[in-house]
Amino acid sequence: KNEVEQSPQNLTAQEGEFITINCSYSVGISALHWLQQHPGGGIVSLFMLSSGKKKHGRLIATINIQEKHSSLHITASHPRDSAVYICAVSGGSQGNLIFGKGTKLSVKP
Amino acid sequence: KAGVTQTPRYLIKTRGQQVTLSCSPISGHRSVSWYQQTPGQGLQFLFEYFSETQRNKGNFPGRFSGRQFSNSRSEMNVSTLELGDSALYLCASSLWLNTGELFFGEGSRLTVL
């Protein structure tokens, strides 16, 4: 079993829909990262959080440390949000980043 | 403020050769970490450097090595290349070790023939 599990693997939405991507982890962590990767490879860090909730524009990230679960929400989705969203946790036994497999989001106009 | 710069962006090598990739972090960032991304395995942690010392290492064979210079620039080297080493190699910089937001470079795409 992977230490970081994301769901769903693939997600297709219509423009304007509310989107939720989930991330569950099984190791102790010091922080959780949400990353966005567009075709071509470049990765952008969206959020780094260790507790509670953070908001940036239309993006909201939450984490529940007790349940070892985090969610990334996108409100009023737009085709430019189409990308792969990756959850990663830092901590674990070696202290390095452990990545989920990613969620491929496609937002149709 | 300049971002993280990786060179070269693309390269093609043959089996048995070696390759050196370079990463220049954001000015003032002291931590540089390296990652391998393949379609099958996704993103995997290679190693992390801070103040010229390797602080963490992922589960990769000894053919994968790296170093960090006094100006925080980092290089990684892969010797005796195998077909399976074909991947996108990404580096990221952050202010401190194991903490802080990560800033990624565009990656170096290595093809091994």
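Everything discussed here concerns the structure shown above.
Computed from a predicted structure; not experimentally measured.

(A) Just the overall build of chain B, in detail. Summing up its helical and strand segments, chain B has zero helices and 11 strands in all. Ordered by position from N to C terminus, the α and β elements of chain B give β-β-β-β-β-β-β-β-β-β-β. The C-alpha atoms of chain B give a radius of gyration of 13 Å, which matches the 13 Å a tight globule of 113 residues would have. Summarising its shape, the C-alpha atoms of chain B cover approximately 40 × 25 × 25 Å along the three principal directions. Seen as two clouds, the 11 positive and the 7 negative side-chain charges of chain B have centres 3 Å apart.

(B) Region of the structure containing the interface of chain B and chain A. Between chain B and chain A, the contact holds 18 residues from the first and 16 residues from the second. Of the roughly 1500 Å² buried at the junction of chain B and chain A (both faces included), carbon and sulfur atoms supply 53%. Of all residues in chain B, L43, L102 and F104 of chain B give up the largest surface area on contact with chain A, accounting jointly for 32% of the area buried on that side. For the pair chain B and chain A, the number of links is zero salt bridges. The interface formed by chain B and chain A holds two residue pairs in polar contact (both at pLDDT 80 or more) in total. Contributing elements (two or more residues each) for the side of chain B that touches chain A: β4 (31–38), β5 (42–50), β6 (53–57) and β9 (87–94) of chain B.

(C) A look at the side chain of S108 of chain B. Residue and element names in this part refer to chain B. Looking at where S108 falls in the secondary structure, it is placed in strand β11 (residues 108–112). Looking at S108, the relative accessible area reads 0%, which means it is buried. In this structure the side chain of S108 is engaged in a polar contact, spanning 2.5 Å, whose partner is the backbone oxygen of P8. If near-sequence neighbours (up to four positions away) are discounted, S108 is found in contact with Q6, T7, P8, R9, L21, A87, L88 and Y89.

(D) A look at the packing of aromatic side chains. Following the criterion strictly, the structure yields six aromatic pairs over all chains and no others. Following the ring pairs from residue to residue traces out a cluster consisting of F99 of chain A together with Y35, F45 and F104 of chain B.

(E) Representation of the state of the cysteines within the structure. Residue and element names in this part refer to chain A. Taken as a whole and assessed by the stated rule, the structure comprises two disulfides over all chains. Across the disulfide from C23 sits C87; the S-S distance is 1.9 Å. Linking C23 and C87, the disulfide has an S-S dihedral of approximately -60 degrees and is accordingly described as left-handed. Of this pair, C23 sits in strand β3 (residues 19–25) while C87 sits in strand β9 (residues 83–91); the two residues are 64 residues apart in sequence, bridging distant segments of the chain. For C87, a relative accessible area of 0% puts it in the buried group.

Thresholds, definitions, all that
- Residues numbered from 1 in each chain as written.
- Chains lettered and ligands numbered in written order.
- Predicted model: local features only at pLDDT ≥ 70, side-chain atom pairs only at ≥ 80, totals over all residues.
- Heavy atoms only, no water.
- Helix = DSSP H or I, 4+ residues; strand = E, 2+ residues; numbered from the N terminus.
- Rg over C-alpha atoms; globule rule 2.2 N^0.38 Å.
- Lys, Arg positive; Asp, Glu negative; His and termini not counted.
- Charge placed at Lys NZ, Arg CZ, Asp CG, Glu CD.
- Contact = heavy atoms within 4.5 Å.
- Buried area = accessible area lost by both parts, 1.4 Å probe.
- Salt bridge = Lys/Arg side-chain N within 4 Å of Asp/Glu carboxyl O.
- Polar contact = N/O pair within 3.5 Å; in protein donor to acceptor, adjacent residues only side chain to side chain.
- Buried < 20%, exposed > 50% of the residue type's maximum accessible area, 1.4 Å probe, protein only.
- Phe/Tyr/Trp six-rings, centres within 6.5 Å; stacked < 30°, edge-to-face > 60°.
- Disulfide = S-S within 2.5 Å.

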